[in-house]
Amino acid sequence: MIETDVLIIGTGIAGATAALRLAENPNLRIALITRSEPHDSNTYWAQGGIIHRGPDDRAELLVEDILAAGAGASLPEAARILAEEGPPLLNEILIQTSKIEFDKNKNGDLNYGNEAAHQRRRIIHVGDGTGAAISKGLIAALKSKPNIQWFPDATAVDLITYPHHSRDPLDTYKPITCHGAYVFDHKGRAVHRTLAAITILATGGLGRIYRNTTNPQGSRGDGLAMAHRAGARIINAEYVQFHPTALAVPGSEGFLISEAVRGEGGVLLTSDGHPFMQDYSPQWKDLAPRDVVSRAIHHVMEKNEYSYVLLDIASQKPAEEIRARFPNIYAHCLKFGVDISRDPIPVVPAAHYFCGGVQVDEVGQSSIENLYAVGEASCTGLHGANRLASTSLLEGLVWGNRAARDIAAKLDKAPRQIPTREMIPPWDESHLDADSDPALIQGDMQTIQNIMWHYVGLVRSGERLSRAIRELRHLQNEIETFYRVTKLSDGLIGLRNAIESALIVAQAARHNRQSRGCHYRVDSVDGEGDRLI
Ligand code: SIN
């Protein structure tokens, strides 16, 4: 059994920022758990960059861009918080504390890049490996903090909540309160009670519930599913953002071709060389918001029976500039036979970012007491129906910081309420005898991914969504039966979370009959469904 003041689940930018800020108080004990090693997060794979404030930029302009991309569903207050607090916090936490060397120009000033639907060049980057640089900087800064306990190779199974896990019947009458989590230790193959005064979910997104995704293995909606089972309010779950350009070559499906490639002049082409985005968004062309570009690609592919479209940067920029600005994308594509400094890149849309999540307020507090959520697992309202490019890292930074400040103040004011071991039942596996069968887990995961891809994808209809829900419910019964009699493994925990997350998304999508942002229904009630873009 572990006892701590703050339990943080996840080590991407949001969880790491919260930990860094909390660790400033030497009286606080912080436990950081991650299902793999600390760098294994969505943050690590982010390529394009993070929003700063460009030379001729203002917070109000960024707010305008966020609200426009969010298709009328972004919360203005969340956008204002991000635009005002983000840039100074980036300077403090990423540049000064974590010593991340963002790219500079010849004069030694930050090099500001462009991405879709931004009115200004305001995105700073470290080549095309910004997320990896941020992750390395933050984790290195955290490693020097003596009051942080690390638990790698550990997967949270379920949140510990009252009244659910209480032994006192009178707790039934109290509001739902979180007291930590049951955590599966991969190496010891045991589940430990991890008791905490405050728990922060920083578990990232759910791209892996789709067949094609830019997300790493762990993005199975773990935090969303745990919070949902515990009774937290979930919002905007229908808004799953598809990135327009994932590499489409066998053996490397889902590898991200950063939007920064279009930001630097890349143009989308049909296979006979027609630049088609001008037909779909005369104003923004290739730099239209992501939902628009993804649907345009889908439409072009469907109309022409293509299995991909082309992204051409080679004829827009000198080869050496392409190699210098996109060294990782260049090297990766070359391994798969595509020289991006000479050839167009075959691309398709892929599930990329979950704009919905556990509903939180301006400090990351969820609807469950003592449970916070930050980063992609949460929904602050910032992204509305469609996220503006490069806002997610900054959101993780801002809300990680805000949550930590709120928690530190709360713990300072009131005595810490950590239940004793007698109050929380231990995890009981004594009745389980079956080892989990990896073939069953993999097969069920692929079924979820196929259902989500075909019926809850870029283009949706009531009929497709109802079919998805029927099939997912049937599969959930099977998985739950199997889960009840099988010894735990990370794969089994993930499968149970993936089916729960898939149902949350499919049900929200069926419930919302109005097309907006990245939720597009051909049978939209307001007739929007007829308007492809
Ligand atoms: C990209 O580099 O295109 C991804 C950036 C983001 O998702 O904001």
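Attention here is on the structure that accompanies the text. (Residues numbered from 1 in each chain as written. Predicted model: local features only at pLDDT ≥ 70, side-chain atom pairs only at ≥ 80, totals over all residues. Heavy atoms only, no water.)

Summed over all chains, the structure comprises 30 salt bridges. Across the salt bridge formed by arginine 35 and aspartate 490, the nearest N and O atoms sit 3.0 Å from each other. In this pair, arginine 35 sits in the loop between strand 2 (30-33) and helix 2 (42-45) while aspartate 490 sits in helix 15 (residues 490-511), placing the two residues 455 residues apart along the sequence. By relative accessible area, which is 15% here, aspartate 490 ends up buried. Here the salt bridges share partners, and the residues they tie into one network are Asp158, Arg229, Glu480, Arg484, Arg496 and Glu500. (Salt bridge = Lys/Arg side-chain N within 4 Å of Asp/Glu carboxyl O. Helix = DSSP H or I, 4+ residues; strand = E, 2+ residues; numbered from the N terminus. Buried < 20%, exposed > 50% of the residue type's maximum accessible area, 1.4 Å probe, protein only.)

With that settled, consider the pairing of strand 6 (residues 154-162). Counted residue by residue, strand 6 has 9 buried out of 9 residues, so it is predominantly covered. Taken together, the 7 bridges between strand 6 and strand 7 (residues 177-185) define a ladder with antiparallel strand orientation. Note that in strand 7 the partner of tyrosine 162 across the bridge is threonine 177. (Pairing = 2+ DSSP bridges.)

Once that is clear, we can look at unusual backbone geometry. Residues apart from glycine generally show negative phi values, whereas peptide bonds are mostly found in trans. Omega for the bond connecting tyrosine 162 with proline 163 falls within 30 degrees of zero, at 5 degrees, which places this linkage in the cis form. Its location among the elements puts proline 163 in the loop between strand 6 and strand 7. Here the phi dihedral of lysine 285 falls at roughly 50 degrees; this positive angle occurs in a residue that is not glycine. Considering the arrangement of structural elements, one finds lysine 285 in the loop between helix 8 (277-280) and helix 9 (290-304).

What follows concerns the site of the ligand. Gln47, Gly48, His243, Leu256, Ser258, Glu259, Arg290, His352, Arg387, Ala389 and Ser390 make up every residue found near the ligand. Taking glycine 48, its main chain carries an N or O atom lying 2.9 Å from an oxygen atom of the ligand. Residue serine 258 places a side-chain N or O atom 2.7 Å away from an oxygen atom belonging to the ligand. Out of a free accessible area of 260 Å², the ligand has 95% covered by protein chains. (Near = heavy atom within 4 Å. Polar contact = N/O pair within 3.5 Å; in protein donor to acceptor, adjacent residues only side chain to side chain. Areas by Shrake-Rupley, 256 points an atom, 1.4 Å probe, with all protein chains shown as cover.)

Next up on the list: the sheet that holds strand 14 (residues 357-359). An order of 9-14-16 is seen for the 3 strands of this open sheet, with the pairing classed as mixed. Lying at the two open borders of the sheet, with one neighbouring strand each, are strand 9 (234-235) and strand 16 (378-379). Examined bridge by bridge, strand 14 and strand 16 share 2 bridges and lie parallel to one another. The residue bridging glutamine 359 from the neighbouring strand is cysteine 379, located in strand 16. In the packing of helix 6 (residues 222-230) onto the sheet, the strands contacted are strand 9 and strand 14, and the crossing angle to strand 14 comes to about 45 degrees. (Contact = heavy atoms within 4.5 Å. Axes fitted to C-alpha atoms, helices over the stretch in contact; angles between N-to-C directions.)

Where helix 13 (residues 438-455) contacts helix 14 (residues 462-485), the axes come no closer than 10 Å and their chain directions differ by 165 degrees. In terms of their interaxial angle, helix 13 and helix 14 are classed as roughly antiparallel. Judged by the sense of rotation from one axis to the other, the crossing of helix 13 with helix 14 is left-handed. Of the residues in helix 14, those in contact with Leu440, Ile441, Asp444, Thr447, Ile448, Ile451, Met452, His454 and Tyr455 of helix 13 are Arg464, Leu465, Arg467, Ala468, Glu471, Leu472, Leu475, Ile479 and Phe482. (Parallel < 35°, antiparallel > 145°, perpendicular 65-115°, else oblique. Left-handed = near helix turned anticlockwise from the far one by under 90°.)

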